[in-house]
Amino acid sequence: QVPLVESGGGLVQAGNSLTLSCVASGRTLTMGWFRQAPGKEREFVATINWNGGSTAYADFVKGRFTISRDNAKNTVYLQMNSLEPEDTAVYYCAAARRWTPSSLLDDYNYWGQGTQVSVSS
């Protein structure tokens, strides 16, 4: 088990920024951020490989979000800029037992409880 704890969510106005954090209880390999809006399926947002050297993003990120990690702190971040009301969702951190990034939910073995992000217009 690799318990994951997300933080940093909240209510912001459109155009503002938030940074989400995900702390793992131990070392992790590939990490990802996903989100789920009410009435919708969980969707991929961003992923990063074990050393931060490779990342990938969903198309809707459009250069607004940045995923990063600090392995000394067992922490992964999601910097979100230019937030839009459509970004409103519960954001989940996930860990995969693999070395390379992945956008597939099924590749992830451990999930956090999620943190709510709400963007008002």
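In what follows, the accompanying structure is described. (Residues numbered from 1 in each chain as written. Predicted model: local features only at pLDDT ≥ 70, side-chain atom pairs only at ≥ 80, totals over all residues. Heavy atoms only, no water.)

Some remarks on the state of the cysteines
For clarity, the cut-off: The criterion for a disulfide is a pair of cysteine sulfur atoms lying within 2.5 Å. Helix and strand assignments come from DSSP, with helices taken as H or I runs of at least 4 residues and strands as E runs of at least 2, each series counted from the N terminus. Accessibility here uses a 1.4 Å probe with only protein chains present; expressed as a share of the type maximum, an area under 20% marks a residue as buried, one over 50% as exposed, and anything in between as partly exposed.
Summed over all chains, the structure comprises 1 disulfide. Disulfide pairing is shown between cysteine 22 and cysteine 93; the S-S distance is 2.0 Å. Across the disulfide from cysteine 22 to cysteine 93, rotation about the S-S bond amounts to roughly -75°, and the bridge is consequently left-handed. With cysteine 22 in strand E3 (residues 18-24) and cysteine 93 in strand E9 (residues 89-96), this residue pair connects regions lying 71 residues apart in the sequence. We classify cysteine 93 as buried; its relative accessible area is 0%.

Quick look at the nonpolar core
Filter applied, for reference: Put simply, buried Ala, Val, Leu, Ile, Met, Phe, Trp, Tyr and Cys residues joined by side-chain atoms within 4.5 Å make one nonpolar core. Whether two residues are in contact is decided by their heavy atoms, any of which lying within 4.5 Å being enough.
If you look at the biggest cluster of nonpolar residues, it comprises 33 residues, and the most contacted ones within it are Leu4, Trp33, Leu78, Met80 and Tyr91. Listing elements by their share of this core, those giving two or more residues are E3, strand E4 (30-36), strand E5 (43-48), strand E7 (65-70), strand E8 (75-80), E9 and strand E11 (115-120). The element that contributes the greatest number of residues to this core is E9, accounting for 6 residues. Residues within four places of leucine 78 in sequence aside, it is in contact with Leu18, Thr19, Leu20, Trp33, Val45, Ala46, Phe65, Thr66, Ile67 and Tyr91.

Section: the environment of glutamate 43
Mapping glutamate 43 onto the fold places it in strand E5. Separated by 10 residues in sequence, glutamate 43 and tryptophan 33 place their C-alpha atoms 8.8 Å apart. If sequence neighbours within four positions are ignored, glutamate 43 has contacts with Phe34, Arg35 and Phe60.

Topic: the packing of aromatic side chains
So the rule is basically this: Pairs were defined over the aromatic rings of Phe, Tyr and Trp, the Trp ring being its six-membered one, requiring ring centres within 6.5 Å. Orientation was assigned from the angle between planes: stacked under 30 degrees, edge-to-face over 60, tilted for the rest.
Taken as a whole and assessed by the stated rule, the structure comprises 5 aromatic pairs. Centre to centre, the rings of phenylalanine 34 and tryptophan 111 are 5.0 Å apart; their planes meet at 55°, and the pair counts as tilted. Taken as a pair, phenylalanine 34 in strand E4 and tryptophan 111 in strand E10 (residues 110-111) lie far apart in primary sequence, 77 residues in all.

Considerations on the sheet that holds E8
What counts here: Here, strands pair whenever DSSP counts at least two bridges between them. A fitted line through C-alpha atoms serves as each axis, taken over the contacting stretch for helices, and the angle formed by two N-to-C directions is quoted from 0 to 180°.
Taken in spatial order, the 4 strands make up an open sheet running E1-E3-E8-E7, and their pairing is antiparallel. With one partner strand each, in any of the chains shown, strand E1 (4-7) and E7 form the two edges of the open sheet. Strand-to-strand twist in this sheet, taken as the mean axis angle between neighbours without regard to direction, amounts to 15°. Two strands pair when backbone bridges link them, and E3 and E8 are joined in this way by 6 bridges, in the antiparallel orientation. Along E8, the bridge assignment pairs leucine 18 with methionine 80.

A closer look at the pattern of salt bridges
For the record, the criterion: For this analysis, a salt bridge means a side-chain nitrogen from Lys or Arg found within 4 Å of a carboxyl oxygen belonging to Asp or Glu.
Using the criterion set out here, one finds 4 salt bridges in the structure. Here arginine 35 makes a salt bridge to aspartate 87, at a shortest N to O gap of 2.9 Å. Residue arginine 35 is found in strand E4, and its partner aspartate 87 is found in the loop between E8 and E9; the two are separated by 52 residues along the sequence. Note on arginine 35: relative accessible area 7%, which makes it buried. Across the pair aspartate 107 and arginine 98 runs a salt bridge whose closest N-O atoms are separated by 3.1 Å.

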